[in-house]
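Coordinate analysis (summary)
Letter by letter, the chains look like this.
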Amino acid sequence: MSLSTTQILKQRVALAQLIDKWVQENPDRLTADLTTKIQPSAPEQEDAIEPKQVIIVALRTRPFLENETATGGQPLSGVHARGTNMVVHVPASKWSGATVNHKTFEGDYSFGPESSSERIYRSLVLEPELLNTALGGGVSCILAYGQTGSGKTYTISSLEEMIVQDIFRAAKSYAESHFPNASNSPGDVYTFGLSLYEILGNNVSDLLDRDEVGDGATVDVAEDKFGNIRVSAKITPVSESKELADMIASAAGHRRTSATLRNEMSSRSHCVLTITIKNTLVPSAEPGRLVLVDLAGSERAADRSAHTKDRMDEARLINTSLMTLKDCVRGRALVEAERSKKGEGKTGFQHIPYRSSKLTLALKPVFDVEATRNCKTVVIAHVSPHLADASHSNNTLTYVSPFRVTMTSQTNDSVQSPSHWTNDEFRDWVGKTSTKIDPAKLAPFESGKQMCELEETVFIQRCLGSQKDGLVGTDKALTAKGAKAFYDKLWGLIFAAKQSTRPEIKLEYNPPSVWSNFQVRDYVEKELPAVDIEKFCPSMAANPRRGRDFVWDMGEAEFIILATSSAKEGETVSVEDAKVLHTKMWKLENDTWNAERKAVLTQRQDENVGMTIDDELLEKLLDHPAVYGTGSEAAAQKDEAIRVIQATRIEREAKLQRKREMLEQRTEEN
Ligand code: ADP
Ligand code: MG
């Protein structure tokens, strides 16, 4: 049984001891965990089938405030952030006295009371590239969830402040790198608009469009027959940081003063701020959106103390909207998890009930699995630091935990894939399979996964350099052909393991995001014969673009500009045609995922799996004597491998550097 606030006060000493004991046993290793989380590695990897993470879950608790510590000394802590976890200490009573249940919740990030707003901005806005997603024509959304007083408004307003500072500069540098040939100067490629409205029960009112007495105009939220959502909130154009900041501040100020008690009012309404970003180079492209939502207090959901009927109805509506929101986010998360399992999922069609509340209807673009653009959502669950709020905190974290759908792959024990082997197991297999290769030379320390990730040529080269003593130079020596056959055997195993875990092979799993450069060329040549494919998708470039560059990384506007400017001589590619093709590719992407969701990896993707390797590891390997033989051919091959690695790294560094510069500029200005 959980304890009431008065019981907590009575049992204060005993509870404090229990929590102290926990803290002693669970020291804060925050900094170590943080650095691993901040390293921006995954998105830069070359892995063609690595899924994008579209829902990020962050957990945050605030510090105790001055007025909370003034009387009666330091209050008892009800939560602690540890690594990417948040632990809630829920007091309970047992026959023997008070006790504490320590419940652990995992997020992608967990921020303790000392976490600065800058760090949160870096982790939740810059790292997931929310600004760039919106600049590319996609939808980025931040949702602040939690009990009243837990810090939602604080987080949202500090993120707003920093976004406002960065967005115009980010737009300029995005335009510089993505539209270098634009006739507009980079600062004029985008136009911005702000809308800000509040959802109170079923009433939506505009915070930017007010009458003389200060009442906001009523906003309609409706879905047209094409499934597009129209929100009639006024969109005010903005062109620089200060203007945007002032506008937000004045609307927020209004929200404050019009309510008798600020928190009273804001705890009952959802506040939605949208920055609309239009690319002027392609006026017909859908604008990108950056949406920040300060949700109604979650404690309302359980509020039984509402006095009047109106309040009870209102509490019910808030309850419904928050529960629907949960189903929508969860639904989207499940869809993404299935996508990333490449069709292994058996969950079936996910119903996303966005029509069940005004809030989710307005936010439909965020959950839409049919969308033909990128969407990213960050959910920040806020919990109060107080022990007396622990059971609320427990509810809050329980609410968001289903958003993190862990991708459990269903491995079948009967056929184990070499990519799950340890170094010993891999060597074992080499020993049994080849009479010529010395297992210890071939895999001095690598796991099965690392070996499987080696590129074919590198692998073969390594085999040739790893022959048992005394073979090289004799007629028993391993030939390149033999090494290739050995490599194929390994891949045969990987493929067999894949097949055995997917008994129902029906659809071909082949969405555009996993297409190779050549598949893109084939497709586009057929669909848009007027396009000069050498211009649109050159295959001889240093880093030939692949499918995912066109659907995931390139916004609609950029796609259209590239297509229209890649016409064959004497022909034209119209904006409309380019737009249709872009939508078609995205539809194909969605259909592959959405159809029956029983798609399987084809042989082609399986080949792609082997195309990446961590470059540090590769460098280590290259220096290993077993890797390359001697002689000029081996040396040349090694040089070539190093060149490729370095080129990739330089590109990756440049990307990172751009990000860093943006951060530094920010810091300087503050
Ligand atoms: P909510 O919007 O969830 O009701 P608020 O954002 O209004 O909560 O926060 C409640 C109080 O705590 C405010 O006085 C706010 O300034 C303060 N606060 C919240 N988060 C922090 C933080 N991370 N650091 C310092 N003060 C905070
Ligand atoms: Mg608030």
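Placed above this text is the structure.
In this text the structure is predicted, and so the values were computed from the model without any measurement.

When its secondary structure is counted, the protein chain shows 26 helices and 17 strands. Counting all 670 residues of the protein chain, 50% fall into the buried class.

Attention now goes to the pattern of salt bridges. Tallied over the full model, the rule gives 19 salt bridges. For Glu556, the salt bridge identified is with Lys579, shortest N-O distance 3.0 Å. One end of the pair, Glu556, is in helix 22 (residues 556–564); the other, Lys579, is in helix 23 (residues 575–594), and 23 residues separate them in sequence. With relative accessibility at 19%, the residue Lys579 sits in the buried group. A single salt-bridge network, built from bridges that share partners, covers Glu106, Asp108 and Arg404.

For any pair of aromatic rings, the description consists of the separation of the ring centres together with the inter-plane angle of the planes. For the structure on display, the rule yields 16 aromatic pairs. Both rings, one in Phe168 and one in Phe192, keep their centres 4.6 Å apart while their planes meet at 65°; by these two values the pair is edge-to-face. Residue Phe168 is found in helix 7 (residues 152–178), and its partner Phe192 is found in strand 7 (residues 190–200); the two are separated by 24 residues along the sequence. When sorted by exposure, Phe168 lands in the same class as Phe192, which is buried. When the centroid spacing of 5.1 Å and the interplanar angle of 55° are considered together, the rings of Phe459 and Tyr487 count as tilted. Of this pair, Phe459 sits in helix 17 (residues 456–464) while Tyr487 sits in helix 18 (residues 480–501), and the two are 28 residues apart along the sequence.

Once that is clear, we can look at the pairing of strand 4 (residues 97–106). Two strands pair when backbone bridges link them, and strand 3 (residues 85–94) and strand 4 are joined in this way by 10 bridges, in the antiparallel orientation. Bridge assignment links Ala92 to a residue of strand 4, and that residue is Thr99. In sequence, strand 3 turns back onto strand 4 through a hairpin of 2 residues.

For Gly137, the location among the structural elements is in the loop between helix 6 (130–135) and strand 6 (139–146). Judged by relative accessible area, which is 14%, Gly137 ranks as buried. Between the alpha carbons of Gly137 and Glu556 there is a distance of 6.3 Å; along the sequence they are 419 residues apart. Setting aside residues up to four positions removed in sequence, Gly137 forms contacts with Glu286, Pro287, Gly288 and Arg373.

Judged by nonpolar contacts, the single largest core of 62 residues is most densely connected at Leu143, Val293, Leu325, Leu363 and Val400. Element by element, the count of residues in this core is highest for helix 10 (residues 309–340), at 9 residues. Ignoring anything within four residues of it in the chain, the contact list for Val400 reads Val57, Leu59, Tyr145, Val379 and Ala381. Ile142, Tyr190, Phe192 and Ile380 belong to the second-largest nonpolar core, a separate cluster that totals 48 residues.

Before going further, it helps to examine the site of ligand 1. Lining the immediate environment of ligand 1, one finds 14 residues, of which Gly149, Gly151, Lys152, Thr153 and Tyr154 sit closest. Between an oxygen atom of ligand 1 and a main-chain N or O atom of Gly151, the distance comes to 3.0 Å. In this structure, an oxygen atom belonging to ligand 1 sits 2.7 Å away from a side-chain N or O atom of Thr153. Summarising the interface, the protein chains cover 78% of the accessible area of ligand 1, which totals 560 Å² for the free molecule. Those elements that place two or more of their residues in the shell around ligand 1 are helix 7 and helix 9 (262–266).

This part takes up the pairing of strand 7. Of all 11 residues making up strand 7, 9 are buried, and the element is well covered by its neighbours. In this sheet, strand 13 (residues 270–279) lies alongside strand 7 in antiparallel orientation, the contact comprising 10 bridges. Note that in strand 13 the partner of Tyr197 across the bridge is Val272. Both strand 7 and strand 12 (residues 236–238) contribute to a ladder of 3 bridges, which runs antiparallel. Residue pairing across strands places Leu194 opposite Thr236, the latter belonging to strand 12. Here 4 bridges tie strand 7 to strand 8 (residues 203–210), and the two strands are oriented antiparallel to one another. From the neighbouring strand, Tyr197 faces strand 8, where its bridge partner is Asp206. The turn joining strand 7 and strand 8, which pair antiparallel and follow one another in sequence, is formed by 2 residues; a positive phi near 65° is taken by Gly201.

What follows concerns a negative patch on the surface. A contiguous patch of negative charge on the surface is contributed by Asp209, Asp211, Glu212 and Asp215. Relative to the elements of secondary structure, Asp211 occurs in the loop between strand 8 and strand 9 (216–218). Of the residues examined, Asp211 reaches a relative accessible area of 36% and is grouped as partly exposed.

The next point concerns the sheet that holds strand 3. Pairing between the strands of a sheet is mediated by backbone hydrogen bonds and can be parallel or antiparallel. In space, the 3 strands of this open sheet follow the order 2-3-4, with antiparallel pairing throughout. Strand pairing shows two members of the sheet lacking a second neighbour, strand 2 (79–82) and strand 4, which therefore form its edges. Strand-to-strand twist in this sheet, taken as the mean axis angle between neighbours without regard to direction, amounts to 30°. Relative to strand 4, helix 2 (residues 12–25) is tilted by about 35°, and along the sheet it contacts strand 2, strand 3 and strand 4. Along the sheet face, helix 13 (residues 390–400) touches strand 2, strand 3 and strand 4 and points at about 135° away from the line of strand 3.

Here we take up the environment of Arg660. Among the secondary structure elements, Arg660 is positioned in helix 26 (residues 632–669). For Arg660, a relative accessible area of 37% corresponds to the partly exposed category. Sequence separation between Arg660 and Leu126 is 534 residues, and the spatial gap between their C-alpha atoms is 9.7 Å.

A positive phi angle is found at Glu129, which is not glycine, with a value near 55°. For Glu129, the location among the structural elements is in the loop between helix 5 (117–126) and helix 6. Its relative accessible area of 31% is what places Glu129 among the partly exposed residues.

Here the focus is helix 2. In a regular helix each residue adds 1.5 Å, so 14 residues correspond to 20 Å; helix 2 covers 20 Å between its end C-alpha atoms and thus fits that length. When we look at burial in helix 2, the residues that qualify are Leu15, Ile19 and Trp22. Along helix 2, the residues classed as buried sweep out an arc of 55° about the axis, all on the same side. Opposite its buried face, helix 2 presents the exposed residues Val13, Gln17, Lys21, Gln24 and Glu25, each directed more than 90 degrees away. Where helix 2 is buried, its residues touch helix 1 (5–10), strand 2, strand 3 and strand 4.

Reading the values: the criteria
Residues numbered from 1 in each chain as written. Chains lettered and ligands numbered in written order. Predicted model: local features only at pLDDT ≥ 70, side-chain atom pairs only at ≥ 80, totals over all residues. Heavy atoms only, no water. Helix = DSSP H or I, 4+ residues; strand = E, 2+ residues; numbered from the N terminus. Buried < 20%, exposed > 50% of the residue type's maximum accessible area, 1.4 Å probe, protein only. Salt bridge = Lys/Arg side-chain N within 4 Å of Asp/Glu carboxyl O. Phe/Tyr/Trp six-rings, centres within 6.5 Å; stacked < 30°, edge-to-face > 60°. Pairing = 2+ DSSP bridges. Contact = heavy atoms within 4.5 Å. Core = buried A, V, L, I, M, F, W, Y, C linked by side-chain atoms within 4.5 Å. Near = heavy atom within 4 Å. Polar contact = N/O pair within 3.5 Å; in protein donor to acceptor, adjacent residues only side chain to side chain. Areas by Shrake-Rupley, 256 points an atom, 1.4 Å probe, with all protein chains shown as cover. Patch = residues over 30% accessible without salt bridge, like charges linked within 9 Å, V, L, I, M, F, W, Y side chains within 5 Å. Lys, Arg positive; Asp, Glu negative; His and termini not counted. Charge placed at Lys NZ, Arg CZ, Asp CG, Glu CD. Axes fitted to C-alpha atoms, helices over the stretch in contact; angles between N-to-C directions. Expected span 1.5 Å × (residues − 1). Arc of directions from axis to C-beta.

Don't take any of this as a statement about function, it's just geometry.
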